[in-house]
Amino acid sequence: MEEPVHRRRPRYPGRNPRRFEERYKERDPDRYPETVEKVVASGKTPVGSHRPVLVNEILAALRPEPGLVAVDATLGFGGHATEILPHLLPGGRLVGLDADPVELPKTEARLRALGFGERTLTVRRSSFAGLPKVLAELGLPAVDLVLADLGVSSMQLDDPVRGFSFKVDGPLDMRMNPSRGLSAADLLARISAERLAALLRENSDEPYAAQIADALVSSRVRAPIATTLALATAVREALAALPQRAREEAGDDPVRRTFQALRIEVNDELGALRAFLAALPSCLAPRGRVAIVTFHSGEDRLVKKAFQSGNRQGIYADWSRDPVRPGPEELRANPRSRSAKLRTALGPGAADGLAS
Ligand SMILES: C[S@@+](CC[C@H](N)C(=O)[O-])C[C@H]1O[C@@H](n2cnc3c(N)ncnc32)[C@H](O)[C@@H]1O
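Residues numbered from 1 in each chain as written. Predicted model: local features only at pLDDT ≥ 70, side-chain atom pairs only at ≥ 80, totals over all residues.

**Observations regarding the overall build of the protein chain**
Thought 1: Looking only at helices and strands, one finds 15 helices and seven strands in the protein chain.
Thought 2: Residues counted as buried form 43% of the 356 residues belonging to the protein chain.
Thought 3: The long-range fraction of contacts in the protein chain, counting pairs at least 24 apart against all pairs at least 6 apart in sequence, stands at 68%. (Helix = DSSP H or I, 4+ residues; strand = E, 2+ residues; numbered from the N terminus. Buried ≥ 20, exposed ≤ 12 C-beta atoms within 10 Å, placed from the backbone. Contact = placed C-beta atoms within 7 Å.)

Pasting the structure below:
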């Protein structure tokens, strides 16, 4: 018989682990429930998990009921799906999509372990832009409820290997599907300063777009920007010549916005959202309901325009002109919810409107 392999646990300085690999207890809630509870009680999200935003507001907007068919177009950790699914039973089902092949199998395993079997829950790795194709493959002509909670999950942000966060060092990747397309490092290695500046403006409303783009493109001559911390440093250095007051006011926002703009481009997030919004009306059953959570103005503008023009054309019976935002309690408990905006639309035939 083989001897079990003994692996030494990562050691860390101080009382609390800081680095991703040191925080192994948070990633194993079955073995270390007290650690996970402590992290949650301190207002943080345990690494390897994701706290769903605006849960009650989404349930109120979608009104899941027994027998209905729902799509969670951005399954993520399965936080919203776990809340919605029990309301669909008996008789209903949920189709969960996500573009991320790394996290999706873990999420599916977690949801299956909660007792959601094949008849109740179908999981597909797909962009939500491909929703009509997935529904056709499943023989579903239309669905009653659709949720999309856009952007990245905490699991993706926290894992240094994914390269999404400027707070932890890792390869500058940022792909939701790491086997497809160009990484952020590849994009930065070949993009022109003009195009990069335009991306920073369009995807993040970056006021220092030209300075940052010029500095990043000229720094390529010295060395390629291959890691997350190298990019963060290069953005800070790009703004080093600003007056001290402007630098203090900006803080790390230019770094955060640069990461966001690159991530949106690397994953063609706005292209996928446009395709999804265009396909939604054909996927929605009469009296269907759609809820979309956005995290920045570029996304919210697209959702607002699609719902508004759909309403004018009679595609949507009603839509939420004022987005719902997290309240103070949620903001305190989950600071990552701070830029979330929820908008809802009702399919044709929904006579009662959103107000009732
Ligand atoms: C904010 S998280 C969703 C979290 C989820 N609602 C929960 O409660 O756990 C966003 C998810 O959308 C996924 N995603 C981003 N763009 C996508 C796309 N075009 N198609 C499908 N999934 C996408 C990401 O991989 C990520 O898992």
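**Here's the deal with the site of the ligand**
Thought 1: Not every one of the 21 residues close to the ligand is listed here, only the nearest: Pro52, Thr74, Gly76, Phe77 and Gly79.
Thought 2: Elements represented by at least two residues in the shell around the ligand include exactly α3 (79-88) and β2 (93-98).
Thought 3: Among the residues making up the shell around the ligand, the classes are represented as nine nonpolar, nine polar and three charged. (Near = placed C-beta within 6 Å. Nonpolar A, V, L, I, M, F, W, Y, C, P; charged D, E, K, R; others polar.)

**Brief notes about the sheet that holds strand β4 (residues 143-149)**
Thought 1: Strand order in the open sheet formed by seven strands is β3-β2-β1-β4-β5-β7-β6, with mixed pairing between adjacent strands. Among the strands making up the open sheet, the edge pair consists of β3 (121-125) and β6 (318-319).
Thought 2: Looking at chain direction, strand β5 (residues 284-294) and strand β7 (residues 341-346) are connected through six bridges and run antiparallel. Across the sheet, the residue bridging to Val290 is Ala345, located in β7.
Thought 3: Where helix α14 (residues 297-312) meets the sheet, it contacts β5, β6 and β7, and its direction lies at approximately 20° from that of β7. (Pairing = 2+ DSSP bridges. Axes fitted to C-alpha atoms, helices over the stretch in contact; angles between N-to-C directions.)

**Describing the pairing of β4**
Thought 1: When you tally the buried positions in β4, you get seven out of seven residues, the bulk of the element.
Thought 2: Bridging between β4 and β5 involves six bridges; their strand directions are parallel. Pairing of Leu147 across the sheet is with Ala291, part of β5.

**A look at the packing of helix α2 (residues 55-62) against α3**
Thought 1: As a packed pair, α2 and α3 sit with axes 11 Å apart at the nearest point and diverge in direction by 45°. Comparing their axes, α3 and α2 come out oblique. In the packing of α2 onto α3, the handedness of the crossing is right-handed. Facing Val55, Ile58, Leu59 and Leu62 of α2, the residues of α3 in contact are His80, Glu83 and Ile84.
Thought 2: Across the contact of α2 with α3, the residue classes break down as five nonpolar, one polar and one charged. (Parallel < 35°, antiparallel > 145°, perpendicular 65-115°, else oblique. Left-handed = near helix turned anticlockwise from the far one by under 90°.)

**Here's the deal with the nonpolar core**
Thought 1: In terms of nonpolar packing, the biggest core is built from 54 residues, with Ala70, Ala73, Leu131, Val143, Val146 and Phe276 touching the most fellow members.
Thought 2: In this view, Phe276 contacts Ala73, Phe128, Ala129, Leu131 and Ala148; residues no more than four positions away in its chain are not counted.
Thought 3: Membership of the second largest hydrophobic core comes to 29 residues, among which are Ile191, Ile212, Ala232 and Val255. (Core = buried A, V, L, I, M, F, W, Y, C linked by C-beta atoms within 7 Å.)

**A look at the environment of Leu111**
Thought 1: In this structure, Leu111 sits in helix α4 (residues 104-113).
Thought 2: In the structure, Leu111 is positioned 12 residues away from Val123 in sequence and 9.9 Å away in space, judged by C-alpha atoms.

**Quick word on unusual backbone geometry**
Thought 1: Leu89 connects to Pro90 through a cis peptide bond whose omega is 0°.
Thought 2: Positionally, Pro90 belongs in the loop between α3 and β2.
Thought 3: Phi angles above zero are rare outside glycine, and Asp205 is one such case at about 50°.
Thought 4: Along the polypeptide, Asp205 turns up in the loop between α8 (193-204) and α9 (209-219).
Thought 5: The class of Asp205 is partly exposed, set by 14 C-beta atoms lying within 10 Å.
Thought 6: With a phi angle near 65°, Arg287 is a residue other than glycine that sits in the positive phi range.
Thought 7: Note on placement: Arg287 falls in strand β5.
Thought 8: Residue classification places Arg287 among the partly exposed positions, given that 14 C-beta atoms sit within 10 Å.

**Overview of the environment of Thr294**
Thought 1: On the secondary structure map, Thr294 appears in strand β5.
Thought 2: Placed 45 residues apart in sequence, Thr294 and Ser339 show a C-alpha to C-alpha distance of 7.9 Å.
Thought 3: When sequence neighbours within four positions are dropped, the list of residues in contact with Thr294 reads Leu150, Glu299, Asp300, Val303 and Lys341.

**With respect to the packing of α8 against α9**
Thought 1: Where α8 meets α9, the closest approach of the two axes is 8 Å, and the angle between their N-to-C directions is 140°. Between α8 and α9, the interaxial angle falls into the category oblique. When the axes of α8 and α9 are compared, the crossing they make is right-handed. Contacts between α8 and α9 involve Ala193, Leu196, Ala197, Leu200 and Arg201 on the former and, on the latter, Ala209, Ala210, Ile212, Ala213, Asp214, Leu216 and Val217.
Thought 2: Residue composition of the contact of α8 with α9, grouped by class: 10 nonpolar, no polar and two charged.

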